[in-house]
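# Structural description and commentary
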Amino acid sequence: MFSENDLVERSVEDLAAEVKELLAEAERLREEHERSTEKEMLSRTRSVEARPVDAAEAERLWQEAEELRESARESLRLSMEKRLRAADVQHRIDIHDQIESMDSSDKIWSKAAKAGRS
């Protein structure tokens, strides 16, 4: 789940760009999953229709549907993996933002405390 990018210090902008790319890839893979699922159902229907006429063709269509099913499942798995990775990177961005807001609030509090004493 970790990559070389995790070991290199990157800017928040780079991380945000990675999140955007990961989500776009996840969406593309999900659409690919849907297309493969539709093709699978079409192949299965054609297989059932061909069975009485040509058993060999029906079997070939059924095997094609099985391959499409595996392809669809893999696309869905990869899509989810990309979404999880995007969520992980977004979480890092959120933590970075929280740390920065804490740093600035510490400076504000210390300035306010000094101002109150003088």
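Data block above holds the structure.
None of the values given here were measured: they were computed from a predicted structure.

This paragraph deals with the overall build of the protein chain. Helix and strand counts for the protein chain come out as two helices and zero strands. In the protein chain, which comprises 118 residues, the share counted as buried stands at 21%. Residue pairs in contact within the protein chain that sit at least 24 positions apart in sequence constitute 74% of those at least 6 positions apart. Just so you have it, the protein chain exposes about 8800 Å², and 56% of that area is on carbon and sulfur atoms.

Moving on, we come to the pattern of salt bridges. Overall, the coordinates contain 16 salt bridges when judged by the stated rule. A salt bridge links arginine 28 to glutamate 25; the nearest nitrogen and oxygen atoms lie 2.7 Å apart. Of the two residues, arginine 28 and glutamate 25 both sit in helix H1 (residues 12–50), three residues apart, roughly one turn of that helix. The exposure class of glutamate 25 is partly exposed, given its relative accessible area of 27%. Glutamate 64 is the partner of arginine 60 in a salt bridge, and the nearest nitrogen-oxygen pair spans 3.2 Å. A residue pair is termed a helical-turn pair when its members lie 3 or 4 positions apart in one helix, as arginine 60 and glutamate 64 do in helix H2 (residues 55–117) at four residues. Judged by relative accessible area, which is 41%, arginine 60 ranks as partly exposed. A residue is classified by how much of its surface remains accessible, and glutamate 64, at 28% relative accessible area, is partly exposed. In the salt-bridge network here, residues are joined through shared partners; they are Arg10, Glu18, Arg85, Asp88 and Arg92.

Bringing the side chain of arginine 85 into the picture now. Take arginine 85: it is sitting in helix H2. Among the polar contacts listed, one links the side chain of arginine 85 to the side chain of glutamate 18, at a separation of 3.3 Å.

A few words now on the nonpolar core. Core analysis: the largest hydrophobic core is formed by six residues, namely Leu15, Val19, Leu22, Ala86, Val89 and Ile93. Taken together, the elements giving at least two residues each to this core come down to H1 and H2. When near neighbours in sequence (up to four residues on either side) are disregarded, valine 89 contacts Leu15, Glu18 and Val19.

Relative to the assigned elements, glutamate 59 resides in helix H2. In sequence terms glutamate 59 and valine 48 are eleven residues apart; their C-alpha atoms lie 9.2 Å from each other.

Let's shift gears to the environment of glutamine 90. Within the secondary structure layout, glutamine 90 lies in helix H2. When the C-alpha atoms of glutamine 90 and lysine 20 are compared, they prove to be 9.7 Å apart, with 70 residues separating the residues in sequence.

Turning to the environment of threonine 45, a few remarks are in order. Along the chain, threonine 45 falls in helix H1. In this structure threonine 45 comes out as partly exposed when scored by relative accessible area, which is 40%. Threonine 45 sits 17 residues away from tryptophan 62 along the chain, and the two C-alpha atoms are 8.9 Å apart.

So, how was this worked out
- Residues numbered from 1 in each chain as written.
- Predicted model: local features only at pLDDT ≥ 70, side-chain atom pairs only at ≥ 80, totals over all residues.
- Heavy atoms only, no water.
- Helix = DSSP H or I, 4+ residues; strand = E, 2+ residues; numbered from the N terminus.
- Buried < 20%, exposed > 50% of the residue type's maximum accessible area, 1.4 Å probe, protein only.
- Contact = heavy atoms within 4.5 Å.
- Areas by Shrake-Rupley, 256 points an atom, 1.4 Å probe, with all protein chains shown as cover.
- Salt bridge = Lys/Arg side-chain N within 4 Å of Asp/Glu carboxyl O.
- Polar contact = N/O pair within 3.5 Å; in protein donor to acceptor, adjacent residues only side chain to side chain.
- Core = buried A, V, L, I, M, F, W, Y, C linked by side-chain atoms within 4.5 Å.

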